[in-house]
There are 2 protein chains.
Amino acid sequence: MFTLSEENYLKAIYHLEIDTDKGISTNAIAKKLITKASSVTDMIKKLSEKEVVVYKKYQGVKLTNFGKKIAANIVRKHRLWEVFLVEKLNFSWDEVHDVAEQLEHIKSPKLIDQIDTFLGFPTHDPHGDPIPDKEGNINTIEKSLLSTLLKNESGICVGVNDSSSEFLKFLDKKGIKLGKQITVLEKEDFDDSLTIRIDDIKLSISNKIANNLYIKKS
Amino acid sequence: MFTLSEENYLKAIYHLEIDTDKGISTNAIAKKLITKASSVTDMIKKLSEKEVVVYKKYQGVKLTNFGKKIAANIVRKHRLWEVFLVEKLNFSWDEVHDVAEQLEHIKSPKLIDQIDTFLGFPTHDPHGDPIPDKEGNINTIEKSLLSTLLKNESGICVGVNDSSSEFLKFLDKKGIKLGKQITVLEKEDFDDSLTIRIDDIKLSISNKIANNLYIKKS
DNA sequence: ATATATTTTTAGGTTAGTCTAAAAATTTTA
DNA sequence: TAAAATTTTTAGACTAACCTAAAAATATAT
Ligand SMILES: [Mn+2]
Ligand SMILES: [Mn+2]
Ligand SMILES: [Mn+2]
Ligand SMILES: [Mn+2]
């Protein structure tokens, strides 16, 4: 069994491994968990003892298959709880993350199974992120950052890169939701801002926004 | 804000105060929490600093009004989660307690409000225990242990005194559920066992059972 | 290639929450 | 009411999870 802190380290490493095949550096983990590198070294040694990570001094860490499974299960719980909060308890998508950070640590296999059933086996969370199955497998779909689309390309909005409350509220205000069709009408070389069409409305958005929205091209 | 451990101490004291007006002894708390008296003394000092209990050496502790409110809120969360698990997630009444012990510590006022609404503002948990309102008030009803009923008295089964999984499963097997009408047909002086009628079935139950079932006389 | 900068680890400390053993206070018994 | 038993507190230690500061290793720049 893993402590709350150990679970958070595993999850952090799991998320960091999505972008790379190399070992995850002490500093990267420290940054993600808002802690100190020395604390990370301590914890990594413990996780290594428990055989959830492989660690060689100065080389960074990698999750073992066992570690990946543990981590994926925490992510699974996190995302299922987020769906539950939005679908059943009237939370908005910018309110669920912090509560899910707590709920993901509840230990009860039956509970999460029943939540999954109750929700009708959802495949994605409210932010468009895929929900791992019980074995830890995830179904990744082909998606591109809106900022990489060319003029006249279009697709469906399927996810966010930044799921901070501020960004999500901003999207709400602009009427940008998952599932909406978006077409790039103009790209400004000057500041990389875009003019897009969504719901037959023209919208001008900055590069920062376009860099945090995922589109499934169509 | 209170730690998980502090919350468990507050809840333990809260439950122990139901049976008495006197200060709650160090040993009683240690027994309830399955810990050592010395640990209790340590924690009590901390809780006293935080003004949730009043403590004088060797005199036991009492919750302050503030402490009572905190404790009642944890009990509220515990019982609402138990209702949720039974009503919405197909848990049986003997499976919910341990999960609720974890869920009661989740910090999100909105979450518990929404669960309350989602459940239709239940007043009692699956074991017949009253759910405190947001201010910490509970609605106590007049109830008697089945063992105290006289021959030919009857009433509705409204609660259990022992909510261990073993006892609850035993009740399931015998067909004894909350809400059922129970009539005492016989009382044996010899071993204080009872013959009762429930659903037009005659049942013989030991004093130990009768001592753990609450009846609202009618 | 050597000096400089950065990253990582080690060493030593802190706090929360627990424990055992012993001392002190209170309660019970005779 | 004095001795015995019990309860409670204190003293000192331990572990998990952090921290700061310094040392060691690695990476970068000239
Ligand atoms: Mn989240
Ligand atoms: Mn999410
Ligand atoms: Mn319970
Ligand atoms: Mn209950």
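Anything mentioned here points back to the structure above.
Right, let's walk through the structure included here. Nothing here was measured: the structure is a model prediction, and the numbers come from that model.

A few words now on the environment of Asp94 of chain B. Residues and elements named next belong to chain B. Relative to the elements of secondary structure, Asp94 occurs in the loop between α4 (65–89) and α5 (96–103). By relative accessible area, Asp94 is classed as buried at 15%. For the pair Asp94 and Asp192, spaced 98 residues apart in sequence, the C-alpha separation works out to 27 Å. Setting aside residues up to four positions removed in sequence, Asp94 forms contacts with Ser165, Leu168, Lys169 and Asp172.

All names here are of chain B. At 2.1 to 2.3 Å from the manganese ion (ligand 4) lie its protein donor atoms, namely Glu82 (OE), Asp125 (OD) and His127 (ND1). Going along the chain, you hit the donors of the manganese ion (ligand 4) in the pattern E-x42-D-x1-H. Between the manganese ion (ligand 4) and the manganese ion (ligand 3) the interatomic distance amounts to 3.4 Å, and Glu82 serves as a bridging ligand to the pair. Of this pair, Glu82 sits in helix α4 while Asp125 sits in the loop between α6 (109–118) and β3 (144–145), placing them 43 residues apart in sequence. The pair Glu82 / Asp125 is uniform in exposure class, with both members buried.

Attention now moves to the protein's contact with DNA strand D. Near DNA strand D you find 21 residues, and of these Ser39 and Lys46 of chain A together with Lys45, Tyr55 and Lys57 of chain B are the closest. Close to the protein, within 4 Å, the atoms of DNA strand D belong to sugar or phosphate groups at a rate of 78%. Contacts to DNA strand D include Thr35 of chain A, whose side-chain N or O atom sits 2.8 Å from a phosphate oxygen. Note that a phosphate oxygen of DNA strand D is positioned 2.9 Å from one of the backbone N or O atoms of Tyr58 of chain B. Listing elements by their share of the surface near DNA strand D, those giving two or more residues are α1 (4–17) and α3 (37–49) of chain A together with α2 (26–33) and α3 (37–49) of chain B. Grouping the constituent residues of the surface near DNA strand D by class yields 6 nonpolar, 10 polar and 5 charged.

Attention now goes to the nonpolar core. Residues Leu111 and Ile115 of chain A together with Leu111 and Ile115 of chain B are the most contacted members of the largest nonpolar core, which totals 34 residues. Excluding its chain neighbours within four sequence positions, the residues that come into contact with Ile115 of chain B are Phe84 and Leu89 of chain A together with Leu80, Trp81 and Phe84 of chain B.

The next point concerns the coordination of the manganese ion (ligand 3). Protein coordination at the manganese ion (ligand 3) comes from His78 of chain B (NE2), Glu82 of chain B (OE) and His97 of chain B (ND1), with a distance range of 2.0 to 2.1 Å. Between the donor residues of the manganese ion (ligand 3), the gaps in sequence give the motif H-x3-E-x14-H.

A word on unusual backbone geometry. Of note in the backbone geometry, Asn90 of chain A takes a positive phi value of approximately 60° without being a glycine. Its location among the elements puts Asn90 of chain A in the loop between α4 (65–89) and α5 (96–103). Judged by its relative accessible area of 62%, Asn90 of chain A falls in the exposed class. Here the phi dihedral of Phe121 of chain B falls at roughly 55°; this positive angle occurs in a residue that is not glycine. Position of Phe121 of chain B among the secondary structure elements: in the loop between α6 and β3.

Turning our eyes to something else, we now look at the side chain of Ser108 of chain A. Tracing the sequence through the fold places Ser108 of chain A in the loop between α5 and α6 (109–118). In this structure Ser108 of chain A touches Phe91 and Val99 of chain B, once residues within four positions along its chain are discounted.

With that settled, the discussion passes to the relation of the copies chain B and chain A. You can overlay chain B on chain A at an RMSD of 0.0 Å; the transform is a turn of 180° with a shift of 0.0 Å along its axis. Accordingly, the operation relating the two chain copies is best matched by a two-fold axis. Ranked by how close their C-alpha atoms come to the rotation axis, the residues of chain B are headed by Leu103 of chain B, at 3.9 Å. Comparing contact sets, 100% of the residues at the interface of chain B also lie at the interface in chain A, consistent with an isologous, same-surface contact.

Turning next to the interface of chain B and chain A. Across the boundary between the two partners, chain B contributes 20 residues, which contact 20 residues of chain A. Approximately 1600 Å² of surface area, both sides summed, lies buried where chain B meets chain A, with 71% of it carried by carbon and sulfur atoms. On the chain B side of the contact with chain A, Leu89, Gln102 and Lys110 of chain B bury the most area, a combined 28% of that side's loss. Notably, a salt bridge pairs Glu95 of chain B with Lys110 of chain A, separated by 3.0 Å at the nearest N-O pair. Linking chain B to chain A there are 6 residue pairs in polar contact (both at pLDDT 80 or more). Breaking the side of chain B that touches chain A down by element, the ones donating at least two residues are α4, α5 and α6 of chain B.

As a matter of local geometry, DNA strand C sits amid 21 residues, with Lys45, Tyr55 and Lys57 of chain A together with Thr3 and Lys46 of chain B nearest to it. A share of 79% of the atoms of DNA strand C within 4 Å of the protein falls on sugar and phosphate groups. Ser5 of chain B is positioned such that a nitrogen or oxygen atom in its side chain is 3.1 Å from a phosphate oxygen of DNA strand C. In this structure, a base oxygen belonging to DNA strand C sits 2.9 Å away from a side-chain N or O atom of Ser38 of chain B. Sort the elements by how many residues they give to the surface near DNA strand C and α3 of chain B lands first, with 5 residues. Its residues assigned to classes, the surface near DNA strand C comprises 6 nonpolar, 10 polar and 5 charged.

Rules and cut-offs
Note that residues are indexed from 1 along each chain, following the sequence as it is written. Going through the entries in the order they are written, you letter the chains from A and number the ligands from 1. This being a predicted model, a pLDDT of at least 70 is required before a residue's local features are given, and a value of 80 or more before pairs of side-chain atoms are given or counted; all residues contribute to the totals for chains, interfaces and linings. Heavy atoms from the whole structure form the basis of all side-chain values; hydrogens and water molecules are not counted. The helix and strand labels rest on DSSP assignments: H or I over at least four residues marks a helix, E over at least two residues marks a strand, and numbering proceeds from the N terminus. Exposure categories follow from relative accessible area, calculated using a 1.4 Å probe and restricted to protein chains: below 20% of the type maximum is buried, above 50% is exposed, and the middle band is partly exposed. Whether two residues touch is decided by their heavy atoms; if any such pair falls within 4.5 Å, the residues are in contact. Donors, by definition, are the N, O and S atoms found within 2.8 Å of a metal, the threshold being 3.2 Å for Na, K and Ca, and water is not counted, so a site can look incomplete. Residues are labelled near a given molecule or strand when at least one of their non-hydrogen atoms is within 4 Å of it. We define a polar contact as two N or O atoms separated by no more than 3.5 Å, with the added condition that, inside protein, one atom must be a possible hydrogen donor and the other a possible acceptor, whereas residues neighbouring each other in sequence contribute only through side-chain atom pairs. Under the convention adopted here, Pro, Cys and the residues Ala, Val, Leu, Ile, Met, Phe, Trp and Tyr are nonpolar, Asp, Glu, Lys and Arg are charged, and Gly plus all remaining residues are polar. Buried residues of nine kinds, namely Ala, Val, Leu, Ile, Met, Phe, Trp, Tyr and Cys, make up a nonpolar core once their side-chain atoms join them within 4.5 Å. What sets the superposition is a least-squares fit of C-alpha atoms, and only residues with pLDDT of at least 70 in both copies go into it. By buried area we mean how much accessible surface two parts lose on assembly, using a 1.4 Å probe and totalling the loss over both. What counts as a salt bridge is simple: a side-chain nitrogen of Lys or Arg found within 4 Å of a carboxyl oxygen of Asp or Glu.

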